[in-house]
Amino acid sequence: MSIKIGDFVIGGPDFTVIAGPCSIESEEQFRTTSLGVKKSGAAALRGGIWKMRTSPTAFQGLGSSSFDFIKKVKAEAGMPLVSEVTDIRQIEEIHSFVDAFQVGARNMHNYSLLKELGKQEKPVLLKRNFSAFIDEWLKAADYVTAGGNTNVILCERGIRTFETATRNTLDLNAVVYAKKHSSFPVIVDPSHAVGISDLVPQLCYASAAAGADGLIIEVHPNPRVALSDGQQALTLETFDQMMIQLEKVLFAFDRKLQRNNNSAVRMLKNV
Ligand code: PEP
Ligand code: MN
């Protein structure tokens, strides 16, 4: 099954990269990131408006004060936007300018949120909870489709294992299993899976080789000053380098990247 986010098809033969900041922090940060990831070939933007933080004193997102500039930047970039809803009421609030609703890992079991998203038409990007069995993740997707919205994109974002060297453990088993046993497109979030920016590119390549339909990646123009998840954000430069290598991996599997910037396939220039 393939699903559209804006003009891009996820789950078809081509590969889709969604990129942007963990949190939308300011107009300038969102604009620089959006135009930068577009230049490198990302198809769609990500960016958190409300954040589910472990500590109540950590940055919680700009909320409704950011809506006006988000619309402006999105229009300038000409890119679709994926953003998380942490509460049923937020669906209506951002419905007019968001192209897909993200359900965060912590809300994968929030069945009232899933039921409400089942009444929508826009796609739902459903993250796997870090402690969820694959079966629980697939059943969470069924909560959305039961309401009539069949546009679910599954997202593997790392699970908790005994390992503490990395933030989580990317479960590529889950990606290949869900591709085989469900009809939904499956994408990978390597940023939350590993939690260390230097290691993110390798997981991007591995995900593409494993047959994922796309990636959702955290990028920040200056990760050192990021208000959330700076340790795992790619800079615009490292994102660009990763995209060049990613196209080579996809090429090896007879696949191509769906680009938003209409540039020629760059790998031909770079091999
Ligand atoms: C995020 O995408 O920034 C996020 C909070 O992800 P997750 O829900 O997977 O932790
Ligand atoms: Mn994050």
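Here is what the cut-offs are and how they apply
Residues numbered from 1 in each chain as written. Chains lettered and ligands numbered in written order. Predicted model: local features only at pLDDT ≥ 70, side-chain atom pairs only at ≥ 80, totals over all residues. Heavy atoms only, no water. Helix = DSSP H or I, 4+ residues; strand = E, 2+ residues; numbered from the N terminus. Rg over C-alpha atoms; globule rule 2.2 N^0.38 Å. Buried < 20%, exposed > 50% of the residue type's maximum accessible area, 1.4 Å probe, protein only. Contact = heavy atoms within 4.5 Å. Areas by Shrake-Rupley, 256 points an atom, 1.4 Å probe, with all protein chains shown as cover. Lys, Arg positive; Asp, Glu negative; His and termini not counted. Charge placed at Lys NZ, Arg CZ, Asp CG, Glu CD. pLDDT = per-residue confidence, 0-100. Donors = N, O, S within 2.8 Å, 3.2 Å for Na, K, Ca; no water. Pairing = 2+ DSSP bridges. Axes fitted to C-alpha atoms, helices over the stretch in contact; angles between N-to-C directions. 1 Å grid on protein atoms, 1.4 Å probe; cavity = no way out; pocket = protein on both sides within 12 Å on 5 of 7 lines; lining within 4 Å. Points joined across faces, edges and corners; volume = space filled by probe spheres on them. Nonpolar A, V, L, I, M, F, W, Y, C, P; charged D, E, K, R; others polar. Right-handed = clockwise from strand over helix to strand, strands pointing away. Core = buried A, V, L, I, M, F, W, Y, C linked by side-chain atoms within 4.5 Å.

Enquirer: Let's hear about the overall build of the protein chain: which residues, and what values?
Expert: In terms of regular secondary structure, the protein chain is built from ten helices and ten strands. Against the compact-globule benchmark of 18 Å for 271 residues, the protein chain has a radius of gyration of 17 Å, which places it among compact chains. Considering only C-alpha atoms, the protein chain reaches an extent of 50 × 40 × 40 Å along its principal axes. Counting across all 271 residues of the protein chain, residues that qualify as buried make up 55%. Intrachain contacts of the protein chain at a sequence separation of at least 6 include 69% that bridge at least 24 residues. For the protein chain, the exposed surface amounts to about 11400 Å²; the carbon and sulfur share of it is 52%. Taking the average place of the 30 positive charges on the side chains of the protein chain and the average place of its 29 negative ones, the gap between the two points comes to 2 Å.

Enquirer: Could you give an account of the environment of Ile153, with specific residues and numbers?
Expert: Here Ile153 is to be found in strand E8 (residues 152-156). Separated by 139 residues in the primary sequence, Ile153 and Asp14 place their C-alpha atoms 15 Å from one another. In this structure, Ile153 is in contact with Ile3, Ile5, Ile10, Pro123, Val124, Leu125, Leu126, Pro185 and Ile187, ignoring residues within four places of it in sequence.

Enquirer: So what about the confidence of the model for the protein chain? Which residues, and what values?
Expert: Confidence in the prediction of the protein chain, expressed as mean pLDDT, is 96, and 97% of residues score 70 or more. In the model of the protein chain, helix H10 (residues 267-270) stands out as the element of lowest mean pLDDT, 48, in contrast to strand E10 (residues 214-218), which has the highest, 99. Scored below 50 in pLDDT, residues 267-271 shows six contacts in the model against residues more than four places distant or in partner chains.

Enquirer: Account for the coordination of the manganese ion (ligand 2), with residues named and values stated.
Expert: Looking at the manganese ion (ligand 2), the protein donor atoms are Cys22 (SG), His192 (NE2), Glu218 (OE) and Asp229 (OD), and they sit 2.0 to 2.4 Å from it. Exposure remark for Cys22: the relative accessible area of 5% places this residue in the buried category.

Enquirer: Quick rundown of the sheet that holds E8? Include the residues and the values.
Expert: With parallel pairing, the eight strands of this closed barrel are ordered in space as E3-E4-E5-E6-E7-E8-E9-E10. Pairwise comparison of adjacent strand axes, ignoring direction, gives a mean angle of 25° for this sheet. Examined bridge by bridge, E8 and strand E9 (residues 186-188) share three bridges and lie parallel to one another. Directly across from Glu156, in E9, lies its bridge partner Val188. Contacts from helix H9 (residues 236-252) reach strand E3 (16-20) and E10, with the element oriented near 175° to E3.

Enquirer: Pulling in residues and values, what's your account of the layout of surface pockets?
Expert: Size it by volume and the largest pocket reaches roughly 310 Å³. As for the largest pocket, its lining consists of 20 residues, and the residues nearest its centre are Lys51, Met52, Arg106, His192 and Asp229. The class makeup of the residues in the lining of the largest pocket is four nonpolar, seven polar and nine charged.

Enquirer: Tell me about the pairing of strand E7 (residues 124-127), and name the residues and values.
Expert: Moving residue by residue along a regular strand, the side chains alternate between the two faces of the sheet. Every second residue of E7 is oriented toward a common face, with Val124 and Leu126 on one face and Leu125 and Lys127 on the other, all of them buried. Two elements, E7 and E8, share four bridges in a ladder whose sense is parallel. Its bridge partner being in E8, Leu126 is matched across the sheet by Leu154. Crossover connection from E7 via helix H5 (residues 134-146) to parallel E8: handedness right-handed.

Enquirer: Give me the nonpolar core: which residues, what numbers.
Expert: Judged by nonpolar contacts, the single largest core of 64 residues is most densely connected at Val17, Leu126, Leu154, Ile217, Phe239 and Leu246. Ranked by residues supplied to this core, first place goes to H9 with seven residues. Sequence-distant contacts of Phe239, defined by excluding residues within four places in its chain, comprise Val17, Ala19, Val37, Ser40, Ala42, Ile217, Val219 and Leu234. Counting residues in each nonpolar core, the second largest holds twelve residues, with Ile18, Val82, Ile153 and Cys155 among its members.

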